[in-house]
Every structure is written in structure tokens, then in C-alpha cells.
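Overview (structure and organization)
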Amino acid sequence: MSRYILQRVLEALPLLLLITIVTYFLMNLAPGGPLAVYLHNPKVTPATLHRLSIQLGLNQPWYARYFSWLWALLHGNWGYSYFSGQSVISLIGQRLPNTLILMGSSFLIALVIGIPLGVYVATHQYSFQDHAFSFLSFFAWAMPSFFFGLLLQTLFAVKLGWFPVSGMYSVYAPPSLIELLWHLVLPATVLGLGSLAGWSRYMRSGILEVIRQDYVRTARAKGLNERTVIWKHAFKNALLPIVTILGLDLPGFFGGAVITEEIFAWPGMGRLFLSALNNRDYPVEMAGLLISAVLLVVGNLLADLAYSFLDPRIQYR
Amino acid sequence: MANKLGSITAAGILSLSLMGYGALASAHVVPTAVTPSGTLVEAISQNPDNLTPGMGSLAADDGPSSLMNVSLVRLTTADQFVGELATNWTIADHGLKYTFNLNPAAKWSDGQPLTSADVVYSWHYYTNPKIQLTYVTGWSDVASVVANGPHQVIFTLSHAYAPFMSSVALASIVPEHVFSKWTVSQLNHGYYDAHSVVAGPYVLQSWVPDQQLTYVPNPNWWGPPVHIKKIVFSVIPNQDTQFNDLLAGDLTMASVPPQDLSQMSQLKGKDRVIEPLSATYDQITPIEVGFLKDVRVRQALNLATPKQQIVKYIMKGQAEVAFGDQVPGGYWYDPHLHAPSFNLTQAAKILKEDGFTKGKGGWLYKDGKELAVPIWALSNDPTDDNIEQVVSAEWEKIGVYAPVHTAGAALLFGAKGPQFNGKMEALIFSWGQGVFPDDTIDFNSAYAVTSPTSPGENVERYDNPLMNKLTVEGTTFTSNLKRRQVYWDIQKLEIQTVPIIFLFWDKSDFAYSVHLKGYDQTTFATNPVWDWSLQ
């Protein structure tokens, strides 16, 4: 197993290198550039632009800048934001915990409700509950998060006053766990609902597929009760497609959820990277893209390893 | 040109000014004992990027910076300069020498005295080529800054520079005893944000990125006493969320987005709403090639642009029709201006007299060439997208072929965009008038933009010798009255020769709690924080 992991990691290195080259090239190909924001501002003189261009190294060709960036990265230096001047690592470090809290909560909501719900409706196929759930899940899936977020905000924060409108903590009270949880309810619900709807649909399909398999029929023929048949025999096998999706979703947990973070003023990674993208803040953009790429590779690896756990027929050497 | 609006806004309401020098400052005020109370929460749309003086690039930097920093002078809501650090000043040698007397009570937040040495050091700081400064203007025109004792400083300019007061004298003074100990790398990499030593009325207590900045009164503040115990800038990027926060009573002040204006009645009793004109105008820039070089064609297009209807129906009255580039009601605005109204008949007549005749497709032709002026707007700006439809419909009524296009900022203002394809095009976007005023980069032919990296803002490539002369005079005359006459003449010339088609000035809707007393805001200034209190 460890040999397999090592092999996968070694295979990933040239891929990651290629990703950094392509993204750096494409980023520089895009019109504008880091200084475009100042270009036609009456308070920014051409001399200032020229000086900034040299100070930030923007007067060099893209490949020279790329190798400088890569060399610094290999020495543990992720660079500095062109705009705030702060180190990229500190910018990420300030926001990553917030993103993990939000994404983790929405993940929990989706997992704890979505998976059992998928199993439940699969075992009650064509019932009223199944139809009602199908309607609601497609509705939730189709609902744009910005609209749903504002809807919840208006109803539960403005009209009813049950939850805060935005932010992570109240301005008027000291930060506490209660404050955090109270502020988390609406954004985590908005974010979790989409995954909940999706995952429960996948779970439903997965269960429906496996409960028609011979081994499930055999389990039933052996006289096992329905709960044991579903949760012990069918559930584990039906999880395989979900595991793939979870593996692919992993980078999303780092990247944050731009729209939900924006609507609820949640100080996470999504807003940082959106702002970096808009401002052509290359060092911050590159960090975000590289970490996402690494997580994608890791997520896929974890999913592959989970397969062997869920299905003993799959063996890695 | 991307982010023009953002950039001009970044110039900052609080840092903008109109009046020239001459207003005498009031004598310094001795603070009296006042116990500040209450928490003021203001929404800002972005996380400030850098609070180090001269390094920020966002509008969101302005509010927080204004609480921390002081400059030699400040601008009042009546557009007058009064002393802030300076108690008074004189101007000599035909505008080449400025002498400021400093308030002897001034201190930094660490208790150290603020003296003329800090002002001299600020000059070195703002002209240091190693520091990554962005919004710094006018310091390069300063030949020397000399301290005459601890409380007097003399600026000598290399040449007369009329916007000196609104640029150099409004720049934040930096602490020599702190900055001189820091490395350039520390200054460039945001060290100040966590270790600021300031001379303004408030100090930064905490900054949670993308969430909030909290300010408390500066214990060593030397100016008039402040009345508010805590000021919080809450970073809320979405305007609808800001409005919901206002409705929920979580904010003391925030701007109201146009889409929520219909719900303003919900704020009644809780908030007051003011509508100062913003320093931003919407306009159509004709790229002056081909027929668009002809002033009569531009006059006709101007007459065929339904500005009143745009203001009434698209802007829902939240704007004022624009004739020129000076803010209506401001010091530089010419109140005697009479601009021609929307008149399709007159527009058609001008084009006919200019030799255009109807041809293939019903469009106008001259010398076998079609009068085609495609109109472009930013794809993420629904207001401008509506405007281009309306304008296109009217222009086509007089025979001008005006198809509409939308594009992202990168394309619209980029090298492959309509600015640089050599064809007649018209671009709709917002631009601003500010602090100086200085039309040089806008209309002087030396600043005609021919590539995305060209300096200046004369995108239309307007070329008029009289305008060239006036724009130079506007930045060199030392008499404020003479300068005002120059800008009045420029506004007349704008109406006569239509370098661009001015559409309207935006109104900014700003709501603040009824519990906030003493607050006032105009186009270019907000009254000082020590006038505010919470009841």
C-alpha cells in the first residue's frame, strides 16, 4: 500500500509542475495585469507605474517571473501580495480556519442529513416521501445560492431576527463559540443544502442499484432483517460513487464558496481568491491554484484508497 | 482603464478637496475632558488592502486611514481648506513657497511629539523610489522641505503647481522616529498594519481581515475631543447584505444600493438618508477618428442623446444631467452654463448641413462612407447596458448606424478592444472628477491614449489647442479666482466642442442612524469625526 502511495505521489509531481506552468502562462496571457487598476488613475503618474513595474518584477518576461516564483516556492517562500504587500502564507493563514469552519459545517449538514435521507427514500421508492423528496431536492439543487442566501437572510435575520444577517461574530459582543455557531447557521445551511440535495440523490441511486444485486437478495433469503440488509450489505457498496464525489470536492473545501461567503460576509478563502483574480494578484492566485491542484490530487488518492476499504476486491500493490 | 470607477473612488471622498489655498486655519483647540460612548458601525465593501500611508489602492482604505492619520490641512464640507496639523500657512514667491506653522500640541499615539522633522521625513518617504507607493501626487514637484524650528516647515516647489494644497498638503504625515527604524521591506510588506503609530483621533485596536477593523480613541490625541468610544468598519462585500444589515439595525451607516431604493421606506424612523452627488459621472467617449473628429458630428450625437430620459427612467431620478466635468454646485462648476437639450431634429439638421445624406439601409453616408458608430459598454454593468440600448435607438433615428456591444473590462479597455482598432467607436463608462481639479490628463492632447500603457486619460484623443492652453493654466495659475475662470472656460469649451458626451452625475444614497448626531457628508468631504456623537 505504501509503495502504491509513494508511486502516486511521484506521478503527481510532474503533473503539478505542469499545472503551475500552464496556469502561470494563462494568467499572464489574460488582458490587463496587476497595474491595470492604477493605469488611468489621475493620481498615479506614469513614473509611479514604471517604478511599481520594476519593484514588482513585472518588467520581466513571464517565464523569468515564473522561475523566480518557483525557486522561491521550493525554498518555502510563497511570495507577497502585489496589493497588500503581505506574505501570501499569512493571507491564507488568516482565512483558512474560517473557510474550514464554514465548509466543514456545511459538509456535516450535507453528510448527516443527505446520506440517511438518500437511503430512506431509496428504500421507499415511489412512495409519497420519495416523490416529495425528489421535488424538494431538485428545487434545492436548482436554487441559486445567492438568491437562497438573500431569501434566508431577509426572512430569518431581518423579518424574524432569529439569526444575524452577516459576519462571523457580532460587533457588539466578544467572540465566543455560541456567537460563532449562531452566525454559522444561515451560511452553512445555504452551502450545505446544495450538497445535501446532490449527495442524497447519488445515495438514492446507489442504494437502488445495489439492492437489486444478487448478494442483497441472498442476504434477504438468509432471513436477515431489512435494516441489516441495507446498512450492512447495501450501504457500503452504494457509498463508492459518493466517495469519488467527496474526493473531487476536497479542493472546494480549501477554495471556499465565493457566493455564500460574499452574501454572508464570511471572511474565507473564496473572497480572497476572487479578489486576487480580479486584481491579477499573481502570487495569491498561484498559491490558490497550486493548493487546489494538490488537494485535487490528494482527494483522488484518498478516494482510491477508500475504495479498497469499502470494496475488498480492490487491491493496490 | 479597467477599474476606472474603483480607482477614482479610491482617490477617496475623505482625501478629495476642491478649494485652493488661502483659507486660514483655525487656531489649535485644547481638548477638554469628554467620555466617549457608543459603538459606530460603518459598512465598507472591501477589505482595506494596505493602511500604510500612500500604499493603499482601494476606496475601502480611505475611511480607516482618515481616523488614524493627519495631514497639514483638511477639507471641510464647505470645500474650504482649514488647518489640521498646521495652525496657519502662507504662500509666497508666486506659488513657489509654502510655509506652514504646526500645532505645538501635536503628538503621535506613542506619546512622542509630532514636529517639523516628521514633515521633512514625510517628503523623503513619499519620494523614496524603493517604497511601493501608489496614490502619491505632487511630491515630485517639491524641490525642498526645510524645518525652521520644531514647529515650522517650508516647502519650496520646483515650479508653480496649483494642486499643491489638494495633493501634498492633504497627504498623511508619517512618524520619523518609527518609519526610519523600519526596513524598506517591512514598509512594503504591510508591517505598518500591525504596528501603526498614528497622530489621528483614533488608533487601530484590531483588524480581522475580511471581517472588521476596530478603532478606539487615541489616548494621545491632541485635537478636539472625540465622542464615540468605538468605531468599527464592517467588511460586507454585497450591497444587498449591507442593506439587510441596515434594516436589522446592525449598522450605523452604509450606502444604499440603487436596487434597494424602493425599499427605503423601511428605514424610516431608524435612519436618515442623504443623497450627495458623487464625484462620478457617466459619459460616452467617442473615439475621435474618421467622422468623429468632426466637431459637428459630435455635436449632433450629443443632441441626439436623451439625457433627461436616461436620468428619469433608467436612473430613476438618482442622478443629475451632466454638461461638463465639474460637479454641479461645487466651487469649480460654472452655474451659468446652458447646455443644449435633446433635439433629434436639430441633430439631423446639423448632419445634413455637414454633408451627410441617406444611403444604403437608410443610414447616413458622406463621401461614400457610412456613419457607423458602434456603442460599447461593460458587460457587468446593467445600467450602462440599458443606456447603450436607449442611445443606440435615438442615434439610429437620425441615420447613425449604432449597433450595441458589451464586453468585459479587460477587452473593452485592452489592446484588442474598441479603443485601439482604428475605427469610429463610442464607449460608455464612468469616470470621476476630483481633488485637483485637473483636466490635463483628460483633454490635453499630450495625454491622448494610443495604447493600453499610454499615460493619461484622453481616450477620445481630443485635440484642441485652446484646451491644451487652458489645462496647463489650470494647474499653474496661483490665483484661485483665475483658476476658476479657467475651469469655467473649459466647461464652455466642453459644451461647444463635445470632447465626450457627458450623461449624468450619480447621486450616492447614504443612510445613517438617527442616533448618530453631527454627521454630514458632501461630494468631496465628510465632517470631522470629533463632530460625531451617538445618542
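Residues numbered from 1 in each chain as written. Chains lettered and ligands numbered in written order. Predicted model: local features only at pLDDT ≥ 70, side-chain atom pairs only at ≥ 80, totals over all residues. Heavy atoms only, no water.

Attention shifts here to the overall build of chain A. Helix and strand content of chain A: 12 helices and 0 strands. Based on the C-alpha atoms only, the size of chain A along its principal axes is roughly 85 × 60 × 35 Å. Pairs at least 24 residues apart make up 72% of the contacts formed inside chain A by residues separated by at least 6 positions. Looking at charge distribution, chain A has the averaged site of its 20 positive side-chain charges lying 2 Å from that of its 13 negative ones. (Helix = DSSP H or I, 4+ residues; strand = E, 2+ residues; numbered from the N terminus. Contact = heavy atoms within 4.5 Å. Lys, Arg positive; Asp, Glu negative; His and termini not counted. Charge placed at Lys NZ, Arg CZ, Asp CG, Glu CD.)

As enumerated under the stated definition, the model contains 41 aromatic pairs over all chains in all. Seen from their ring centres, A:Y82 and A:Y282 are 6.0 Å apart, and the 70° between their planes marks the pair as edge-to-face. You can see A:Y82 sitting in the loop between α3 (62–74) and α4 (88–123) and its partner A:Y282 sitting in helix α12 (residues 282–310), a full 200 residues away along the chain. Residues A:Y82 and A:Y282 agree in their burial class; the two are buried. Looking at B:K482, its charged tip hangs above the ring of B:F477, at a distance of 5.7 Å from the centre. Above the plane of the ring of B:Y331 lies B:R484, whose end atom (NZ or CZ) is 4.3 Å from the centre. (Phe/Tyr/Trp six-rings, centres within 6.5 Å; stacked < 30°, edge-to-face > 60°. Buried < 20%, exposed > 50% of the residue type's maximum accessible area, 1.4 Å probe, protein only. Lys NZ or Arg CZ within 6 Å of the ring centre and 35° of its normal.)

Attention now goes to the domain arrangement of chain B. By domain assignment, chain B separates into domain 1 (10–198) and domain 2 (278–507). Taken over C-alpha atoms, the centre of domain 1 of chain B sits 35 Å from the centre of domain 2 of chain B. (Domains from an automatic or database assignment.)

To continue, consider the sheet that holds strand β7 (residues 152–157) of chain B. All names here are of chain B. Spatially, β4-β5-β7-β6 is the arrangement adopted by the 4 strands of the open sheet, whose pairing is antiparallel. Two strands lie at the open edges of the sheet, namely β4 (86–92) and β6 (142–147), each paired on one side alone. Strand-to-strand, the axes of this sheet are offset by a mean angle of 15°, without reference to chain direction. Pairing of β4 with strand β5 (residues 97–102), which is carried by 6 bridges, proceeds in the antiparallel orientation. Within β5, the position partnered with W89 by the bridge is F100. Set on the sheet, helix α3 (residues 116–126) makes contact with β5, β6 and β7; between it and β6 the angle comes to about 160°. (Pairing = 2+ DSSP bridges. Axes fitted to C-alpha atoms, helices over the stretch in contact; angles between N-to-C directions.)

What follows is about the nonpolar core. All names here are of chain B. By size, the foremost hydrophobic cluster in this structure holds 147 residues, and its most contacted members are F100, F155, F164 and W395. The dominant element in this core, judged by the number of residues it contributes, is α3, at 6 residues. The residue makeup of this core includes at least three contributed by each of domain 1 (10–198) and domain 2 (278–507). Excluding residues within four positions of it along the chain, W395 makes contact with I284, L301, A304, T305, V373, I375, V400, A402, A426 and I501. (Core = buried A, V, L, I, M, F, W, Y, C linked by side-chain atoms within 4.5 Å.)

Let's shift gears to the interface of chain B and chain A. Contacts between the two partners involve 56 residues from chain B, matched on the other side by 44 residues from chain A. Between chain B and chain A, a total of about 4,200 Å² is buried, with carbon and sulfur atoms accounting for 54% of that surface. Our count for the contact surface shared by chain B and chain A stands at 2 salt bridges. Across the pair B:D210 and A:R95 runs a salt bridge, and its minimum N-O distance is 2.8 Å. If you look at where chain B meets chain A, you find 8 residue pairs in polar contact (both at pLDDT 80 or more). When residues in the side of chain B that touches chain A are grouped by element, the largest group, 5 residues, is from helix α8 (residues 239–247) of chain B. Classifying every residue of the side of chain B that touches chain A gives 24 nonpolar, 23 polar and 9 charged. (Buried area = accessible area lost by both parts, 1.4 Å probe. Salt bridge = Lys/Arg side-chain N within 4 Å of Asp/Glu carboxyl O. Polar contact = N/O pair within 3.5 Å; in protein donor to acceptor, adjacent residues only side chain to side chain. Nonpolar A, V, L, I, M, F, W, Y, C, P; charged D, E, K, R; others polar.)

Glancing now at the pattern of salt bridges. Enumeration according to the criterion identifies 12 salt bridges over all chains in this entry. Among the salt bridges present, the one from A:D304 reaches A:R8, with a minimum N-O distance of 2.5 Å. With A:D304 in helix α12 and A:R8 in helix α1 (residues 2–29), this residue pair connects regions lying 296 residues apart in the sequence. For A:D304, a relative accessible area of 19% corresponds to the buried category. When salt bridges that share partners are traced, they join A:R95, A:R271 and B:D210 into one network.

All names here are of chain B. All of the buried residues along helix α9 (residues 295–303) are V297, R298, A300, L301, N302 and L303. On its buried face, α9 sits against β13 (277–286), α10 (307–314), α11 (344–353), α12 (382–397), α16 (480–497) and β21 (501–507). Structurally, the start of α9 carries an N-cap: the backbone nitrogen of R296 is 2.9 Å from a side-chain oxygen of D294.

Moving on, we come to helix α6 (residues 145–159) of chain A. When the terminal C-alpha atoms of α6(A) are compared, their 20 Å separation across 15 residues agrees well with the 21 Å that a helix rising 1.5 Å per residue should span. Maximum bend of α6(A): about 25°, positioned at A:Q153. For α6(A), the set of buried residues is A:F148, A:G149, A:L150, A:L152, A:Q153, A:A157 and A:V158. Turning to α6(A), the residues buried within the fold contact α7 (177–210) and α10 (258–263) of chain A together with α8 of chain B. Among the residues trailing α6(A), A:G161 stands out with phi positive, at a value near 70°. (Expected span 1.5 Å × (residues − 1). Bend = angle between axes of the 7 residues up to and from the residue.)

Attention shifts here to the sheet that holds strand β15 (residues 357–358) of chain B. Residue and element names in this part refer to chain B. The strand order across the open sheet formed by 3 strands is β15-β16-β17, and the pairing between neighbours is antiparallel. In this open sheet, the two strands that pair with only one neighbour each are β15 and β17 (369–370). Sheet analysis places β15 next to strand β16 (residues 364–366), joined by 2 bridges and oriented antiparallel. Residue pairing in the sheet places K358 in a bridge with L364 of β16.

Taken together, A:L17, A:L18, A:I21, A:V22, A:F25, A:L26 and A:L29 make up a surface patch of nonpolar side chains, about 600 Å² in accessible area. Take A:L17: it is sitting in helix α1. (Patch = residues over 30% accessible without salt bridge, like charges linked within 9 Å, V, L, I, M, F, W, Y side chains within 5 Å. Areas by Shrake-Rupley, 256 points an atom, 1.4 Å probe, with all protein chains shown as cover.)

Residue and element names in this part refer to chain B. Pairing of strand β8 (residues 202–208) with strand β9 (residues 212–217) involves 6 bridges; the strand directions are antiparallel. By the bridge assignment, S206 is partnered in β9 with T214. Hairpin connection from β8 to β9: 3 residues lie between these consecutive antiparallel strands, with D210 at a positive phi of about 65°. One ladder, built from 4 bridges, connects β9 with strand β10 (residues 230–235); its direction is antiparallel. Residue pairing across strands places Y215 opposite I231, the latter belonging to β10.

Residue and element names in this part refer to chain A. Along its sequence, chain A is organised into domain 1 (31–77) and domain 2 (90–310). The C-alpha-based centres of domain 1 and domain 2 are spaced at 38 Å. Contacts between the two partners involve 7 residues from domain 1, matched on the other side by 5 residues from domain 2. Summed over both sides, the interface of domain 1 with domain 2 buries roughly 540 Å², with 66% coming from carbon and sulfur. At the boundary of domain 1 and domain 2, one finds 0 salt bridges. The interface formed by domain 1 and domain 2 includes 0 residue pairs in polar contact (both at pLDDT 80 or more). Looking at the side of domain 1 that touches domain 2, its residues break down into 5 nonpolar, 1 polar and 1 charged.

Next up on the list: the side chain of A:R201. All names here are of chain A. Along the polypeptide, R201 turns up in helix α7. Despite its burial, R201 remains without a salt bridge, the nearest opposite charge being carried by D130 at 4.9 Å. Those residues in contact with R201 that sit more than four places away from it in its chain are F133, S134, S137, F138 and W141.

Residue and element names in this part refer to chain A. Tracing the sequence through the fold places S105 in helix α4. Judged by its relative accessible area of 15%, S105 is buried. Excluding its chain neighbours within four sequence positions, the residues that come into contact with S105 are L100, L184 and A188.

On average, residues of chain B carry a pLDDT of 87, and 93% of them reach 70 or more. Our summary of model confidence lists the complex with pTM equal to 0.81 and ipTM equal to 0.83. (pLDDT = per-residue confidence, 0-100.)

When pLDDT is averaged along chain A, the result is 85; 93% of the residues meet or exceed 70. When mean pLDDT is taken per element in chain A, α6(A) scores highest with 92 and helix α2 (residues 46–55) of chain A scores lowest with 75.

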